[in-house]
Amino acid sequence: MNLSLNEVEGLAKKAARGAGYSWGLSEEAAKAARWLCSFGHHGCAYLADLLTQVDQHLLLLSPPVLDPNNWSAQHGQLCPITAGASLADHAHLLQQAQSISLQAVAVPTLLLPFGHLISRASEQTVQITWSDGSSVMDGTSFTLTGALPAGGDDLVVSKGGSMGLMQETHTRATPTQNEWDILQSFAARTYAPATEESRQRGAGDGSTRDD
């Protein structure tokens, strides 16, 4: 499939809502998926994985337990969307603590776009590191060293970091049909069921009018 980034963001927002996120967090999830796609990464696949875990009750949507330096989930793994949104909302803590560790993040690649948001808002680079890789954002682009983080990785977010070879930008996304179908199935939950009245309105209300 070859889709516009707007198409990805539009469906991703409805899919996240269908999986149980609030509309506000659904918008954050959609922007995260779009951001990853805009740099050639599989944003739809990562979001489909996350929503499937949420739907199977393997992941809670509760915000992280905020410790000045170490954030963790109330139970199990951290949701990258709720944790990322909390991180963006509490970016001042990063200024005070120099770094914040997020413990056991599910689908942690989805947290990288929030580092981008913090970098853009603070007008300084932000570095995120994990077991076998790291990324630095400057509010416009980002660099990647090593492999993207794996599920359950601990992430450390810190101020500063030097930009290396920046990721190439893309204007289109190429999800697989299966990834797109998963997102569509979640999005379908947000559609109101058809009623007899709505069906009639959709095909004309059956009345005749003399104009």
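Residues numbered from 1 in each chain as written. Predicted model: local features only at pLDDT ≥ 70, side-chain atom pairs only at ≥ 80, totals over all residues. Heavy atoms only, no water.

Colleague: Describe the overall build of the protein, naming the residues involved and giving the relevant values.
Modeller: Helix and strand counts for the protein come out as 8 helices and 9 strands. Once local pairs closer than 6 in sequence are excluded, the contacts in the protein between residues at least 24 apart make up 68%. Accessible surface, the protein as shown: approximately 10,500 Å² in total, 49% of it carbon and sulfur. The protein carries 12 positive and 21 negative side-chain charges, and their two centres are separated by 6 Å. (Helix = DSSP H or I, 4+ residues; strand = E, 2+ residues; numbered from the N terminus. Contact = heavy atoms within 4.5 Å. Areas by Shrake-Rupley, 256 points an atom, 1.4 Å probe, with all protein chains shown as cover. Lys, Arg positive; Asp, Glu negative; His and termini not counted. Charge placed at Lys NZ, Arg CZ, Asp CG, Glu CD.)

Colleague: I'd like a rundown of the sheet that holds strand S3 (residues 70-72), residues and numbers included.
Modeller: With mixed pairing, 7 strands are arranged side by side in an open sheet as S2-S3-S4-S8-S5-S6-S7. The sheet terminates laterally at strand S2 (65-66) and strand S7 (142-146), the two strands that pair on one side only. Alignment of strand S5 (residues 126-130) against strand S8 (residues 153-159), held across 4 bridges, turns out to be antiparallel. If you follow Val126 over to S8, its bridge partner there is Lys159. Each of S5 and strand S6 (133-137) touches helix H6 (residues 112-122); the most contacted strand, S5, lies at about 160° to it. (Pairing = 2+ DSSP bridges. Axes fitted to C-alpha atoms, helices over the stretch in contact; angles between N-to-C directions.)

Colleague: Help me get a handle on the nonpolar core, residues and values and all.
Modeller: The biggest cluster of nonpolar side chains holds 56 residues, and the ones touching the most others in it are Tyr21, Leu51, Ile81, Leu102 and Leu183. The element that contributes the greatest number of residues to this core is helix H2 (residues 23-38), accounting for 8 residues. Discounting chain neighbours no more than four positions away, the residues touching Leu183 are Leu11, Ala15, Cys44, Leu47, Ala48 and Leu51. (Core = buried A, V, L, I, M, F, W, Y, C linked by side-chain atoms within 4.5 Å. Buried < 20%, exposed > 50% of the residue type's maximum accessible area, 1.4 Å probe, protein only.)

Colleague: Describe helix H3 (residues 43-55), listing the residues and the values that go with them.
Modeller: Here H3 is 13 residues long and its end C-alpha atoms lie 18 Å apart, about the 18 Å a rise of 1.5 Å per residue gives. Considered for burial, the residues of H3 that qualify are Gly43, Cys44, Leu47, Ala48, Leu50, Leu51, Gln53 and Val54. Note on H3: the residue one or two positions beyond its end, His57, has a positive phi of about 60°. (Expected span 1.5 Å × (residues − 1).)

Colleague: Talk me through the environment of Leu94; I want residue IDs and the actual numbers.
Modeller: Relative to the helices and strands, Leu94 resides in helix H5 (residues 91-97). Residues Leu94 and Ser158, spaced 64 residues apart in sequence, show a C-alpha to C-alpha distance of 6.8 Å.

Colleague: Residue-level account of the side chain of Thr143, with values.
Modeller: Counting through the fold element by element, Thr143 comes out in strand S7. For Thr143, a relative accessible area of 6% puts it in the buried group. Sequence-distant contacts of Thr143, that is, excluding residues within four places in its chain, are made with Ser134, Ser135, Val136, Met163, Gly164, Leu165 and Met166.

Colleague: Hey, could you go over the pairing of strand S4 (residues 99-105) for me, with residue numbers and the actual values?
Modeller: The pairing of S3 with S4 spans 2 bridges and is parallel. Bridge pairing in S4 places Trp71 opposite Leu102. Pairing geometry for S4 and S8, over 5 bridges, is antiparallel. Within S8, the residue paired with Ser99 across the bridge is Ser158.

Colleague: Provide a residue-level description of the packing of aromatic side chains, including the pertinent values.
Modeller: The relation between two aromatic rings is expressed through the spacing of the ring centres and the mutual angle of the planes. In total, this model carries 3 aromatic pairs according to the counting rule given. Residues Trp35 and Phe39 carry aromatic rings whose centres are separated by 5.1 Å and whose planes lie at 65° to one another, so their mutual orientation is edge-to-face. Residue classification places Phe39 among the buried residues on the basis of a relative accessible area of 6%. A ring pair is formed by Trp35 and Phe142, whose centres lie 4.8 Å apart and whose planes are at 35°; its orientation type is tilted. Pair noted here: Trp35 is in helix H2 and Phe142 is in strand S7, with a separation of 107 residues, a long-range link. The exposure class of Trp35 is buried, given its relative accessible area of 10%. On the basis of relative accessible area, Phe142 is assigned to the buried category, the value being 0%. Three or more aromatic residues joined by ring pairs make a cluster, and in this case those are Trp35, Phe39 and Phe142. (Phe/Tyr/Trp six-rings, centres within 6.5 Å; stacked < 30°, edge-to-face > 60°.)

Colleague: Any details on the pattern of salt bridges? Residues and values, ideally.
Modeller: Enumeration over the complete set of coordinates arrives at 3 salt bridges. Salt-bridge contacts for Glu9 lead to Arg34; the nearest nitrogen and oxygen are separated by 2.9 Å. Of the two residues, Glu9 sits in helix H1 (residues 5-19) while Arg34 sits in helix H2, which places them 25 residues apart along the sequence. For Lys31, the salt bridge goes to Glu27, with nearest N and O atoms at 3.4 Å. In this pair, Lys31 and Glu27 are both assigned in helix H2, 4 residues apart and thus about one turn of the helix distant. (Salt bridge = Lys/Arg side-chain N within 4 Å of Asp/Glu carboxyl O.)

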